[in-house]
Amino acid sequence: MNTQWITRGTIGTLALAALLATNTGCQVSLNGQTLPSPHYLQDDVQYFPAGPEFKLSREAAALQAARAEEKRNQR
């Protein structure tokens, strides 16, 4: 009777450990490599569209307009 109780307890503990291990979703860093969680297919996708290649386009346009205005005023 006592060994049956221990066997059931062991099986229950192993089943609980397996359930917790499969439902845990965390990233792991292993040897400098970031490995995904088991639920990575259900994660939301973050998309950042590509920006302009030249980051200062408004400033460059303002400088060009200022230089054109300066040339017009010199004549």
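As annotated in an unreviewed UniProt entry, the protein carries the name Transmembrane protein and comes from Rhodopirellula islandica.

**Student:** Help me understand the overall build of the protein, please; the structure alone is not making it clear to me.
**Tutor:** Counting its regular elements, the protein contains two helices and two strands. Taken from N to C terminus, the helices and strands of the protein fall in the order α-β-β-α. Burial statistics for the protein: of 75 residues in total, 1% are counted as buried. A total accessible area of about 7600 Å² is found for the protein, and carbon and sulfur atoms account for 59% of it.

**Student:** Could you clarify how one ought to interpret the pattern of salt bridges in this entry?
**Tutor:** For side chains of opposite charge, pairing can occur when their charged atoms come near one another. Applying the stated rule across the entire model yields one salt bridge. Glutamate 69 serves as the salt-bridge partner of arginine 72, at 3.1 Å between the closest nitrogen and oxygen. A residue pair is termed a helical-turn pair when its members lie 3 or 4 positions apart in one helix, as arginine 72 and glutamate 69 do in helix α2 (residues 57-74) at three residues.

**Student:** So what exactly am I meant to see when it comes to the confidence of the model for the protein here?
**Tutor:** A low pLDDT score tells you not to read the predicted coordinates there in detail. On average, residues of the protein score 82 in pLDDT, and 89% of them reach the 70 mark or higher. The element-level mean pLDDT for the protein is lowest in strand β1 (residues 28-30), coming to 70, with α2 highest at 94.

**Student:** Mind showing me how you'd approach a nonpolar patch on the surface here?
**Tutor:** Nonpolar side chains collect at one region of the surface, where Leu16, Leu19 and Leu20 lie side by side and expose about 300 Å² of accessible area between them. Inspection of the secondary structure puts leucine 16 in helix α1 (residues 2-23).

Rules used throughout
Residues numbered from 1 in each chain as written. Predicted model: local features only at pLDDT ≥ 70, side-chain atom pairs only at ≥ 80, totals over all residues. Heavy atoms only, no water. Helix = DSSP H or I, 4+ residues; strand = E, 2+ residues; numbered from the N terminus. Buried < 20%, exposed > 50% of the residue type's maximum accessible area, 1.4 Å probe, protein only. Areas by Shrake-Rupley, 256 points an atom, 1.4 Å probe, with all protein chains shown as cover. Salt bridge = Lys/Arg side-chain N within 4 Å of Asp/Glu carboxyl O. pLDDT = per-residue confidence, 0-100. Patch = residues over 30% accessible without salt bridge, like charges linked within 9 Å, V, L, I, M, F, W, Y side chains within 5 Å.

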